[in-house]
Amino acid sequence: MIEPTTLYTLTGALLILIGFAAIMLKRNLIKMMLGFVMVEAGVHLLIICFGFIPGRTAPIINTPDLLTDPALMSAVPQQFVDPVVQAIVLTAIVIAVGVTALMLAYVVRLYGVHKTLDVGRYVSLKW
Amino acid sequence: MRQILTPIVLLLLGAVLWQAVPFTAPADISEIGRRFVEFGVADNRAANIVTSVIVNYRGLDTLGEVSVLFLSVTGAIFVLRRREGLILATPTPSSELVATGARLLFGPILLFGAYIFAHGHLTPGGGFQGGAIVASSVLLLLLADRDRAMAHNALGWIESMSGFLYVVVGMVGIAIAGSFLSNKGILPLGLWNDLFSAGLIPVIYVLVGLKVGSELATLIDAMMHSGEKEGTQA
């Protein structure tokens, strides 16, 4: 039986590769941008997997008398997955949204100037 | 050329990933993560440890993150607002059903967004997620009625005041507890799992929620109305 973490990391790595393939092979700007979004999604999945341990739950403390009982307190880290990677990915998702919006805005402007989304026909960029 | 280079680059990238990524689960969480989980409730009284990390332990990084979001949204709006007519398609007016449904749902969705960012320290969620939900209610309104005018001044004020107050709250931490965005001794920590607990964390997350919500709403408005300033067909 294949381990869930292996499956998730493989999916993340595959998403990154597919995204890069789309960026390099496609000529349509929207499709290239979708490639970027797939790379971002793959990276997020990979980072989450670095702190994921099967059988543990999200780090939201749900034991009411945690502060008074030292025995409960010391058992706490064994129940939860790593909060650091989750915080990093939350940051990364927000920034990915902003960057995607900026990319889309440039796509709209480029379409307005060149009247095409095909990068092969942006002759002013060729050397 | 591209057809030859692409497989080579992808193969190299795949090899790098194969080497760099551990494909099995780690034996235990990282040392710093263990410390956050162990002392998070004692330090901040916040049930959600991820919120504790984002708003308190790494609050300065979150300020940077908010700035990055602000800059990229500003850049996108700046790029979209140039006054060259570009209308991709003539919009068809939405039906009565969509318009009424959007007006009906706007309030509850806005309230749900506010609920998400006010409960960021207790449940999964927080300022960024709540802000996105708030912006989605604005998107719904604009989808139903493209010509609806947004209160740009009010949105700008909400956005800049919440960003400003975030920094002010951080400065208060320097003045009272000696470190930026400190959570010690400014507001009472309260009881675990209470709405009014965790000291400054809900205050900061409400500010972040307002900021992200108004920013994304402005961005959605700019995208819907890009190039329409002259009102002429391109």
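All chains use their own residue numbering, which begins from 1 and follows the written sequence. Working convention: letters from A go to chains and numbers from 1 go to ligands, in the order in which they are written. The predicted origin of the model limits local features to residues at a pLDDT of at least 70 and limits the giving and counting of side-chain atom pairs to 80 or more, whereas totals for whole chains, interfaces and linings rest on all residues. To obtain the side-chain values, all non-hydrogen atoms of the structure were used and water was disregarded.

A.B. asks: So, helix H5 (residues 96-118) of chain B: which residues are in play, and what are the values?
C.D. replies: Residues and elements named next belong to chain B. Given a rise of 1.5 Å per residue, 23 residues ought to cover 33 Å, and the 34 Å separating the end C-alpha atoms of H5 matches this to within 8%. Here the bend at a residue is taken as the angle between two axes, fitted respectively to the seven residues that end there and the seven that start there. Going along the chain from the N terminus, every DSSP run of H or I of four or more residues is numbered as a helix, and every run of E of two or more is numbered as a strand. Its axis deflected by about 35° at leucine 105, H5 carries its strongest bend there, up to four residues before the proline proline 108. Taken together, the buried positions of H5 are Ala99, Ala102, Gly113, Ile116 and Phe117. Here, residues are in contact when the closest pair of their heavy atoms is within 4.5 Å. Contacts made by the buried residues of H5 are with helix H6 (127-144) and helix H8 (201-224). By this rule, a helix spans an expected 1.5 Å times one less than how many residues it contains. Buried means the residue's accessible area, taken with a 1.4 Å probe over protein chains only, is under 20% of the maximum for its type, while exposed means over 50%, and partly exposed covers the values in between.

A.B. asks: So what about the environment of serine 179 of chain B? Which residues, and what values?
C.D. replies: Note on placement: serine 179 of chain B falls in the loop between helix H7 (152-177) and H8. The contacts of serine 179 of chain B, once residues within four sequence positions are left out, are Gly170, Gly173 and Ile174 of chain B.

A.B. asks: Explain the interface of chain B and chain A to me, using residue names and the numbers behind them.
C.D. replies: Contact residues are listed per partner, giving 55 residues for chain B and 56 residues for chain A. In short, buried area is how much 1.4 Å probe accessible area vanishes from two parts on joining, totalled over both. Interface area, chain B with chain A, both sides summed: about 4,700 Å², of which 76% is carbon and sulfur. By convention in these notes, a salt bridge is any Lys or Arg side-chain nitrogen within 4 Å of a carboxyl oxygen on Asp or Glu. Between chain B and chain A we count 0 salt bridges in total. We call two N or O atoms a polar contact when they sit within 3.5 Å, provided that within protein one can donate a hydrogen and the other can accept it, with sequence-adjacent residues counted only if both atoms are side-chain atoms. Taken together, the connections running from chain B to chain A amount to 0 residue pairs in polar contact (both at pLDDT 80 or more). Those elements giving two or more residues to the side of chain B that touches chain A turn out to be helix H1 (2-20), helix H2 (31-44), helix H3 (49-57), helix H4 (59-80), H6 and H8 of chain B. Note on residue categories: nonpolar means Ala, Val, Leu, Ile, Met, Phe, Trp, Tyr, Cys or Pro, charged means Asp, Glu, Lys or Arg, and polar means any other residue, Gly included. Per-class residue counts for the side of chain B that touches chain A are 36 nonpolar, 11 polar and 8 charged.

A.B. asks: Summarise the confidence of the model for chain B; cite the residues concerned and give the values.
C.D. replies: Each residue carries a pLDDT score, the predictor's confidence in it, ranging from 0 to 100. On average, residues of chain B score 80 in pLDDT, and 88% of them are at 70 or above. Across chain B, H5 of chain B holds the top mean pLDDT of 89, while H2 of chain B sits lowest at 76.

A.B. asks: Tell me what's going on with the side chain of threonine 218 of chain B, and back it up with residues and numbers.
C.D. replies: Residue and element names in this part refer to chain B. Looking at the secondary structure, you find threonine 218 in helix H8. Here threonine 218 falls in the buried class, since its relative accessible area comes to 19%. For threonine 218, the residues in contact, after removing those within four places along its chain, are Ile77 and Leu155.

A.B. asks: Now, about unusual backbone geometry: what can you tell me, with residues and values included?
C.D. replies: Trans is the common state for peptide bonds, and a negative phi is the common state for residues other than glycine. In the Ramachandran plot, lysine 115 of chain A falls in the positive-phi region, its phi being about 60° despite a non-glycine side chain. With respect to the element layout, lysine 115 of chain A can be found in the segment after helix H4 (83-114).

A.B. asks: Could you give me a rundown of the packing of H4 of chain A against H4 of chain B, with the residues and numbers involved?
C.D. replies: The axes of two packed helices give the description: the angle between them and the distance between them. One can describe the packing of H4 of chain A onto H4 of chain B by two numbers: an axis separation of 8 Å at closest approach and a directional angle of 10°. As summarised for this structure, H4 of chain A and H4 of chain B are arranged roughly parallel, according to the angle between their axes. Contact residues: Leu90, Thr91, Val94, Ile95, Gly98, Val99, Ala101, Leu102, Ala105, Tyr106, Val108 and Arg109 of chain A in H4 of chain A; Glu65, Val68, Leu69, Ser72, Gly75, Ala76, Val79 and Leu80 of chain B in H4 of chain B. Residues that form the contact of H4 of chain A with H4 of chain B fall into these classes: 14 nonpolar, 4 polar and 2 charged. Comment: axis = line fitted to C-alpha atoms, over the contacting stretch for helices; angle = value between 0 and 180 degrees taken between N-to-C directions. Put simply, angles under 35 degrees are roughly parallel, angles over 145 are roughly antiparallel, angles from 65 to 115 are roughly perpendicular, and the rest are oblique.

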